[in-house]
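# Inside the fold
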Amino acid sequence: MKGSRMETPREMHVVRVLAVRRENPSTVSLVLPKTFEAAPGRFVMVWDVGGAEKPFGVSRQTATETCVTIRAVGPTSESLTRLQPGDAVGIRGPFGTGFALAENALLVAGGVGAAPLRFLAETLRQKNMAHKWLVGAKTADELCFAADADGIATDDGSRGEAGSVVALAAKELARGHYAILQACGPKGMLRAVKALAEQAGIPAELSVERIMRCGVGLCGSCALDDGRCACREGPVLRFG
Amino acid sequence: MPSLATTLGPLRLPSPFVLASGILGTYEASLLRVAAAGAGAVTTKSCSLAPRAGHPTPCVLPWRGGFINAVGLSNPGVAEEAKVVRAFKASCRTPLIASVFGATPEEFAQLAAAMADAGADAVELNVSCPNVQSEFGTPFAADAAALKRVTAAAKKALAHSGTPLAVKLSLQCASIGEMARVVEGEGADWVVAINTVGPGMVIDPETGRPVLSNKRGGVSGTAILPLAVRAVYDIREACPHLPILATGGASRLEDVLQHFAAGAGAVAIGSAVADEGPAIFTRLAKELEEELSRRGLGNIAPLVGRAHA
Ligand SMILES: Cc1cc2nc3c(=O)[nH]c(=O)nc-3n(C[C@H](O)[C@H](O)[C@H](O)COP(=O)(O)OP(=O)(O)OC[C@H]3O[C@@H](n4cnc5c(N)ncnc54)[C@H](O)[C@@H]3O)c2cc1C
Ligand SMILES: Cc1cc2nc3c(=O)[nH]c(=O)nc-3n(C[C@H](O)[C@H](O)[C@H](O)COP(=O)(O)O)c2cc1C
Ligand code: FES
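Cut-offs used in this document
- Residues numbered from 1 in each chain as written.
- Chains lettered and ligands numbered in written order.
- Predicted model: local features only at pLDDT ≥ 70, side-chain atom pairs only at ≥ 80, totals over all residues.
- Heavy atoms only, no water.
- Near = heavy atom within 4 Å.
- Polar contact = N/O pair within 3.5 Å; in protein donor to acceptor, adjacent residues only side chain to side chain.
- Nonpolar A, V, L, I, M, F, W, Y, C, P; charged D, E, K, R; others polar.
- Helix = DSSP H or I, 4+ residues; strand = E, 2+ residues; numbered from the N terminus.
- Buried < 20%, exposed > 50% of the residue type's maximum accessible area, 1.4 Å probe, protein only.
- Contact = heavy atoms within 4.5 Å.
- Salt bridge = Lys/Arg side-chain N within 4 Å of Asp/Glu carboxyl O.
- Expected span 1.5 Å × (residues − 1).
- Arc of directions from axis to C-beta.
- Pairing = 2+ DSSP bridges.

Let us look at the site of ligand 2. Residues and elements named next belong to chain B. Lining the immediate surroundings of ligand 2 are 22 residues, of which Ser21, Ser46, Lys168, Gly249 and Ser271 lie closest. At 3.1 Å, a backbone N or O of glycine 270 approaches an oxygen atom of ligand 2. The side chain of serine 271 places a nitrogen or oxygen atom 2.6 Å from an oxygen atom of ligand 2. For the shell around ligand 2, the class distribution of residues is 6 nonpolar, 14 polar and 2 charged.

Residue and element names in this part refer to chain B. As for its placement among the helices and strands, leucine 165 is situated in strand 9 (residues 165-169). Residue classification places leucine 165 among the buried residues on the basis of a relative accessible area of 0%. Between the alpha carbons of leucine 165 and valine 304 there is a distance of 21 Å; along the sequence they are 139 residues apart. Every residue in contact with leucine 165, bar those within four places of it in the chain, is listed here: Val123, Leu125, Thr151, Ala154, Lys155, Leu158, Ala188, Asp189 and Trp190.

Right, let's talk about the pattern of salt bridges for a bit. Summed over all chains, the structure comprises 26 salt bridges over all chains. In this structure, Glu206(B) engages Arg16(A) in a salt bridge whose closest nitrogen and oxygen atoms are separated by 2.9 Å. Placement of Glu206(B) in the loop between strand 11 (197-201) and strand 12 (216-220) and of Arg16(A) in strand 1 (residues 13-16) is noted, with the two residues assigned to different chains. The shortest N-O distance in the salt bridge between Glu80(B) and Lys83(B) comes to 2.8 Å. Linking Glu80(B) with Lys83(B), this pair stays in helix 2 (residues 78-91), spanning 3 residues, or about one helical turn. One connected set of salt bridges, linked through shared partners, spans Arg60(A), Arg118(A) and Glu122(A).

Turning our eyes to something else, we now look at helix 5 (residues 144-158) of chain B. Residues and elements named next belong to chain B. In a regular helix each residue adds 1.5 Å, so 15 residues correspond to 21 Å; helix 5 covers 21 Å between its end C-alpha atoms and thus fits that length. Buried within helix 5 we find Ala146, Leu147, Val150, Thr151, Ala154 and Leu158. Buried residues of helix 5 fall within an arc of 125° about the axis and therefore sit on the same side. Packing partners of the buried residues in helix 5 comprise helix 3 (105-118), strand 8 (122-126), strand 9 and helix 6 (176-185). The N-cap of helix 5, judged by a side-chain oxygen 3.1 Å from the amide nitrogen of alanine 145 a few residues on, is aspartate 143.

This part takes up the pairing of strand 9 (residues 131-137) of chain A. Residues and elements named next belong to chain A. With respect to burial, strand 9 is a largely interior element, 6 of its 7 residues being buried. Note that strand 8 (residues 105-110) and strand 9 share 6 bridges and pair parallel. Within strand 9, the residue paired with leucine 107 across the bridge is tryptophan 133. When strand 9 meets strand 10 (residues 151-154), the two strands line up parallel, connected through 4 bridges. Among the inter-strand pairings, glycine 136 is bridged to a residue of strand 10, identified as alanine 153.

Moving on to the site of ligand 1. All names here are of chain A. Lining the immediate environment of ligand 1, one finds 18 residues, of which Lys54, Pro55, Thr69, Arg71 and Ser77 sit closest. The contact in question runs from an oxygen atom of ligand 1 to an N or O atom on the side chain of lysine 54, over 2.8 Å. In the environment of ligand 1, an oxygen atom lies 2.5 Å from a nitrogen or oxygen atom belonging to the backbone of proline 55. Of all the secondary-structure elements, those providing two or more residues to the shell around ligand 1 are strand 5 (53-61), strand 6 (65-71) and helix 2 (75-81). If one sorts the elements of the shell around ligand 1 by residue count, strand 5 sits on top with 4 residues. Along the lines of polarity and charge, the residues of the shell around ligand 1 split into 9 nonpolar, 5 polar and 4 charged.

Rendered as structure tokens:
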């Protein structure tokens, strides 16, 4: 079964949850058996068996495991965060573009946007590539992977620096030498990161969110303003 | 240099490769991008009078042989769709075929007129979607008398503007050649064959549950190529003078050559857009040009209908 999935990874297949890790009061990571090769920034469609299917970034991959990290914000994500080890969950992918693996990268994450960046940071670390990654959220309760990050900011100052993670990134840019900004988080944050990269004269890679129904560039529901598909030509878009 | 230009009845296409209905066809930016990649025409996602949310996810699934989908005809409704058509036509000369679907002949007529008003270069009647049967009952494409009424009503609604009329047929009927004869008799300028096949079903073997939220869905892609080729062949046999826009399973030039040989004057590309994106229109045009040169042909006409010789 596993071997054949490796050949046709795009097909939906149901796996059993190996373990569940709580990241914060509203967010869990599902540890699933590895059934295909992903790359940082690429996403999978996760099926709440018998319910809906939604896109999630891969937050870690090891020789045997694939992880996704899910924040409960609506019916499907809530149901997925209630899964227990041994429960069935559907998965298909990986889809879309990934982040470049680049030296001297500054990674900036907002909230559950830390999911794909954790996979990127771990990959860069394994390859001994210089990088720093910053995580931010409104409050300490909404931070993900803060223990693994090189810098933390919360809007209310409940953990790390008080203020936005973009302000923290600006300070870091002034201090060190960076070749690229890579970010995932809410729209406003991404806009600010893009402006920051333009100021610094370095490229930015931003992971954007759109409504996704097929994940493979057919249905058109994820269209970007320029007509590209966020699922196929994104979610990671390069600027500059 | 050979010419890729072809015609569907009165409609002239700069290239025989057409974007199939329902593929990327919700926003004008997506359609414009497909046009910029060299498509000979774009077909919009089928629209109805009122907006429809469609079925919940999972609604489009890749599988070994292609795709299965039950998008459920989600669309923004005719008023919004008319804006998309206007915006497209204001900035692009590529022909736009507006696909519509209604519950009655009167609705089809109203929709056809609205799309002609908005500037569509042709109207395509989707009488054959297999994914909304619980709502709409047997598709019109399976019932000769109903098909006749729908086609006649739309033709009448387009008489004033003179906008060409196409009808999209389905394999879900006793004889697709017979259905083509019916719509030809009511003045259809060409037929489109075929819509997705089915309905089919994909069941997750681990839990035994159907995966699509709608359980049943239409099958498309490589798996249906021989079915679509046969449908085109049957139609050409029944109606030697009715132009055919082949739709189903085409991703390679050799698939396109089969559709031409069966009798198609143009070929729509649907599922194959998933693998390559709009660039597939650029690739197929280049490959067809090379093929025509290799055969010493000036255009595709000698390739059309060869299987009937
Ligand atoms: C490429 C891509 C990758 C994604 N990766 C992840 C991921 O790694 N982890 C993850 O948790 N989600 C991720 N998402 C978002 C996820 O797909 C769903 O949109 C989200 O889980 C909400 O789905 P739902 O059905 O539970 O709620 P819905 O009913 O769709 O939404 C409920 C409400 O929550 C709001 N909402 C949606 N998303 C968020 C959010 N992230 N934060 C706050 N409010 C929100 C909606 O606007 C709505 O008002 C990703 C989306 C995309 C497009
Ligand atoms: C996701 C998806 C949505 C579709 N939506 C429509 C639609 O709205 N109207 C329609 O007439 N056909 C629709 N179709 C059918 C296609 O236009 C085409 O007839 C069919 O997919 C066979 O061609 P293919 O094998 O090249 O995909 C849809 C197909 C797919 C895969
Ligand atoms: S989600 Fe369907 S085209 Fe991107």
